[in-house]
Amino acid sequence: MGRLDKALRRRALHPRQAHVEASRQAEGVACEQAGITVYLPKPMTSGLHAKGRFGKQDFVYVAADDVYLCPAGEQLTYRYTNEEDGKTLRRYWTTACQACALKGQCTTGKERRISRWEHEAVLEAVQARLDRNPDKMRLRRQTVEHPFGTIKSWMGSTHFQMKRLKNVRTEMALHVLAYNIKRVMRILGVGGLMEAIRA
Ligand code: SF4
């Protein structure tokens, strides 16, 4: 049983869906493995497209052969596995780059190398689900990003005033409570909020 499973069971929580930040891939994979349907936007970390070069999304993974197909149609084959920042990564490349007419759009190195995280298949399945349900990200923007954006602007550049997890948790809980109270006041008015509290 994973750490996520244990944490959910301890709190008697049974979420069926989770919207996860693009930068939290490991958490997204843990949710999927715990049977929770994850919606995780594709991370746009590569600046290669902005520089006019091919990004990783221009390479197609062919699971049956465990190779990537590059924009020139060459096969990047598996070479070795190593660890980076705690992630197990499989590395792929081809020896065709030196003679490739597209090399200027692809790499400044000897050859273009593509890395594949050991859990990348999970991310690909999650992405395919998101492509089939584009409204999910719109809904997330409406329901999740507004509270976080508002609370962040209230907190300013210093973010948390407290130190240590226990204290930071309490500080965050108070911010969320304040947000919820203001939101209900906006929707129901002060009278409506007081009535709801008394009910
Ligand atoms: S440089 Fe290499 S990886 Fe890039 S398109 Fe050419 S052959 Fe493919």
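Attention in this report is confined to the structure presented alongside it. Only a predicted model underlies this, so the values are computations on that prediction, with no experimental measurement involved.

Overview of the overall build of the protein
If you tally the helices and strands in the protein, you get five helices and seven strands. Along the protein, helices and strands appear, N-terminal first, in the series α-β-α-β-β-β-β-β-β-α-α-α. When each of the 199 residues of the protein is scored for burial, the buried share is 9%.

So, the sheet that holds strand β4 (residues 67–69)
Pairing within the open sheet is antiparallel, and its five strands lie in the order β3-β4-β5-β6-β7. The open sheet has two edge strands, β3 (60–62) and β7 (114–117), and neither has a second partner. Across the sheet, the mean angle separating the axes of adjacent strands is 40 degrees when strand polarity is ignored. Here strand β6 (residues 87–93) pairs with β7 via four bridges, running antiparallel. Bridge pairing in β7 links Arg90 to Arg116.

Description of the site of the ligand
Near the ligand you find 13 residues, and of these Cys70, Ala72, Cys97, Cys100 and Cys106 are the closest. Residues that form the shell around the ligand fall into these classes: eight nonpolar, two polar and three charged.

Some points on helix α5 (residues 165–198)
Given 3.6 residues per turn, any residue in an α-helix points the same way as the ones three and four places further on. The end-to-end C-alpha distance of α5, which contains 34 residues, comes to just 33 Å, noticeably less than the 50 Å that a straight helix rising 1.5 Å per residue would cover. A bend of about 110 degrees at Leu188 is the largest found in α5.

Points about the pairing of strand β5 (residues 75–84)
Among the 10 residues of β5, one are classified as buried, and the element is accordingly described as predominantly exposed. Pairing analysis gives three bridges linking β4 to β5, with the strands arranged antiparallel. Following the sheet pairing, Leu69 is matched in β5 by Gln75. What sits between the antiparallel neighbours β4 and β5 is a turn of five residues, in which Gly73 has the positive phi angle 85 degrees.

Parameters at a glance
- Residues numbered from 1 in each chain as written.
- Predicted model: local features only at pLDDT ≥ 70, side-chain atom pairs only at ≥ 80, totals over all residues.
- Helix = DSSP H or I, 4+ residues; strand = E, 2+ residues; numbered from the N terminus.
- Buried ≥ 20, exposed ≤ 12 C-beta atoms within 10 Å, placed from the backbone.
- Pairing = 2+ DSSP bridges.
- Axes fitted to C-alpha atoms, helices over the stretch in contact; angles between N-to-C directions.
- Near = placed C-beta within 6 Å.
- Nonpolar A, V, L, I, M, F, W, Y, C, P; charged D, E, K, R; others polar.
- Expected span 1.5 Å × (residues − 1).
- Bend = angle between axes of the 7 residues up to and from the residue.

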